[in-house]
Amino acid sequence: MTTRNRKSAHTRSDNADPSLIGQAILSLIGKVPSSKEPKSRQPAQDARRKANAAAAKAALAAGALALPPGVVGWLTILPEMMGVWKIQKQLVADIAAIYGKQSTLTPEQVVYCLFQHTAAQGVRDLVVRVGERALVRKASPLLIRNITRRIGAKLAQKAAGKGMARWVPVIGAVGMGAYAYVDTAQVAATAIDLFEGVIEVEAVEVDGR
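All figures in this text were calculated on a predicted structure; none of them were measured in a lab.

Conventions adopted
- Residues numbered from 1 in each chain as written.
- Predicted model: local features only at pLDDT ≥ 70, side-chain atom pairs only at ≥ 80, totals over all residues.
- Heavy atoms only, no water.
- Helix = DSSP H or I, 4+ residues; strand = E, 2+ residues; numbered from the N terminus.
- Buried < 20%, exposed > 50% of the residue type's maximum accessible area, 1.4 Å probe, protein only.
- Contact = heavy atoms within 4.5 Å.
- Areas by Shrake-Rupley, 256 points an atom, 1.4 Å probe, with all protein chains shown as cover.
- Arc of directions from axis to C-beta.
- Core = buried A, V, L, I, M, F, W, Y, C linked by side-chain atoms within 4.5 Å.
- Pairing = 2+ DSSP bridges.
- Axes fitted to C-alpha atoms, helices over the stretch in contact; angles between N-to-C directions.
- Parallel < 35°, antiparallel > 145°, perpendicular 65-115°, else oblique.
- Left-handed = near helix turned anticlockwise from the far one by under 90°.
- Nonpolar A, V, L, I, M, F, W, Y, C, P; charged D, E, K, R; others polar.
- Phe/Tyr/Trp six-rings, centres within 6.5 Å; stacked < 30°, edge-to-face > 60°.
- Salt bridge = Lys/Arg side-chain N within 4 Å of Asp/Glu carboxyl O.

Engineer: I'm lost on the overall build of the protein in this one. Help?
Structural biologist: Tallying secondary structure elements over the protein gives 8 helices and 3 strands in all. Counting from the amino terminus, the protein carries its helices and strands in the arrangement α-α-α-α-α-α-β-β-α-α-β. Scored against the burial criterion, the 209 residues of the protein give a buried share of 46%. Here the contacts in the protein between residues at least 6 apart in sequence split such that 85% fall between residues at least 24 apart. A total accessible area of about 10,700 Å² is found for the protein, and carbon and sulfur atoms account for 58% of it.

Engineer: Mind showing me how you'd approach helix H2 (residues 18–28) here?
Structural biologist: Note on helix geometry: an α-helix contains 3.6 residues per turn, so any two residues three or four positions apart are oriented the same way. Residues Ile-21, Gly-22, Ala-24, Ile-25 and Leu-28 constitute the buried set of H2. Along the axis of H2, the buried positions cluster into a sector of 160°, meaning they face one direction only. Counted as exposed and oriented over 90 degrees from the buried face of H2: Gln-23 and Ser-27.

Engineer: Looking at this structure, I do not really get helix H6 (residues 107–115). What am I missing?
Structural biologist: In terms of burial, H6 is a largely internal element, 8 of the 9 residues being buried. Turning to H6, its buried residues number three or more, namely Glu-108, Gln-109, Val-110, Val-111, Tyr-112, Cys-113, Leu-114 and Phe-115.

Engineer: Whenever I open this one, the nonpolar core confuses me. Can you help?
Structural biologist: General note: in soluble globular proteins, nonpolar side chains tend to be found buried as a group. If you look at the biggest cluster of nonpolar residues, it comprises 50 residues, and the most contacted ones within it are Trp-85, Ile-95, Phe-115, Ile-151 and Phe-195. Secondary structure elements with two or more residues in this core: H2, helix H3 (43–65), helix H5 (77–98), H6, strand E2 (133–139), helix H7 (141–165) and helix H8 (169–196). Among the elements that make up this core, the one with the highest residue count is H5 (12 residues). Among all residues touching Trp-85, those that are not within four sequence positions of it are Ile-21, Ala-24, Ile-25, Leu-28, Leu-114, Phe-115 and Leu-155.

Engineer: Please explain the pairing of strand E1 (residues 127–130) as it appears in this structure.
Structural biologist: Each regular strand shows side chains that alternate between the opposite faces of the sheet. Note: E1 against E2, 4 bridges, orientation antiparallel. From the neighbouring strand, Arg-129 faces E2, where its bridge partner is Ala-134. Linking two consecutive strands that pair antiparallel, namely E1 and E2, is a turn of 2 residues; a positive phi of about 65° is found at Gly-131 within it.

Engineer: Looking at this structure, how should I read the packing of H2 against H5?
Structural biologist: It is the contact of H2 with H5, at a shortest axis distance of 11 Å, that shows an interaxial angle of 30°. As far as their axial angle goes, H5 and H2 are roughly parallel. Note on packing geometry: the crossing formed by H2 with H5 is right-handed. Within the contact between the two elements, H2 uses Leu-20, Ile-21, Ala-24, Ile-25, Ser-27 and Leu-28 and H5 uses Leu-78, Met-81, Met-82, Trp-85, Lys-86 and Lys-89. Tallied by class, the residues present in the contact of H2 with H5 amount to 9 nonpolar, 1 polar and 2 charged.

Engineer: Where do I start with the packing of aromatic side chains in this structure?
Structural biologist: Working definition: an aromatic ring pair is given by the centre-to-centre distance plus the angle between the planes. Under the counting rule described, the total for this entry stands at 1 aromatic pair. Relative to Phe-115, the ring of Trp-85 has its centre 5.5 Å away and its plane inclined at 80°; by these criteria the two rings are edge-to-face. Separated by 30 residues along the polypeptide, Trp-85 in helix H5 and Phe-115 in helix H6 bring together distant segments of the chain. Residue Trp-85 shares its accessibility class with Phe-115, and that shared class is buried.

Engineer: What should I look at first to understand the environment of Glu-196 in this one?
Structural biologist: Topologically, Glu-196 is positioned in helix H8. Taking the C-alpha atoms as reference points, Glu-196 and Ala-96, separated by 100 residues in sequence, lie 9.2 Å from one another. In this view, Glu-196 contacts Ala-44, Tyr-99 and Lys-101; residues no more than four positions away in its chain are not counted.

Engineer: Sorry, what's going on with the pattern of salt bridges here?
Structural biologist: Pairing is possible between side chains that carry opposite charge, provided their charged atoms lie close to one another. This model, assessed by the stated rule, comprises 7 salt bridges. We note a salt bridge from Arg-49 to Asp-46, for which the minimum N-O separation is 3.8 Å. Here Arg-49 and its partner Asp-46 are both found in helix H3, 3 residues apart, which amounts to about one turn of the helix. Lys-50 is paired through a salt bridge with Asp-94; the nearest N and O atoms lie 3.6 Å apart. Of this pair, Lys-50 sits in helix H3 while Asp-94 sits in helix H5, and the two are 44 residues apart along the sequence. A relative accessible area of 9% means that Asp-94 is categorised as buried.

This is how it looks when you write it as structure tokens:
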């Protein structure tokens, strides 16, 4: 690859649009998924089992989408992120069900579990932790939009690294698969920590102003 092409690739990666990522997140969180998982007598063990399976699935999906080289591969960044988020979203619902909390699962809890480890500042308005208790704030549409913009800005920085990896297809695919595996494991850890405790959901919407 020529120096000019490398520079062009770098520019496209660095210019990942936060608003597009924010819109993708907004479309993703509109509906809480259902789960077929029954309430478990050993929730921690069963949650880890689901987490391992979901992490492997996410790694496979991310690695496959990272295989196309160059510009074509760069165009798969957002679809890759969306694919992994959908797997993680279902994982959160499954873990909630395993802990017997599927019926009280809200979009705010899903967003918190998905992005707390990568964009903690972005989700800071959603869940307040006090010891083993978690107060979940019911977010207004305005707050949700603000949160998705914050998360989009943060993840746009990570998308730059994903874009550069597309120019080394096989190694990049392995790296993206490994990242998706670890990322999904972190989502599971956040979900387990949340659902193991007492959750209280505020009845009044918060607009975050």
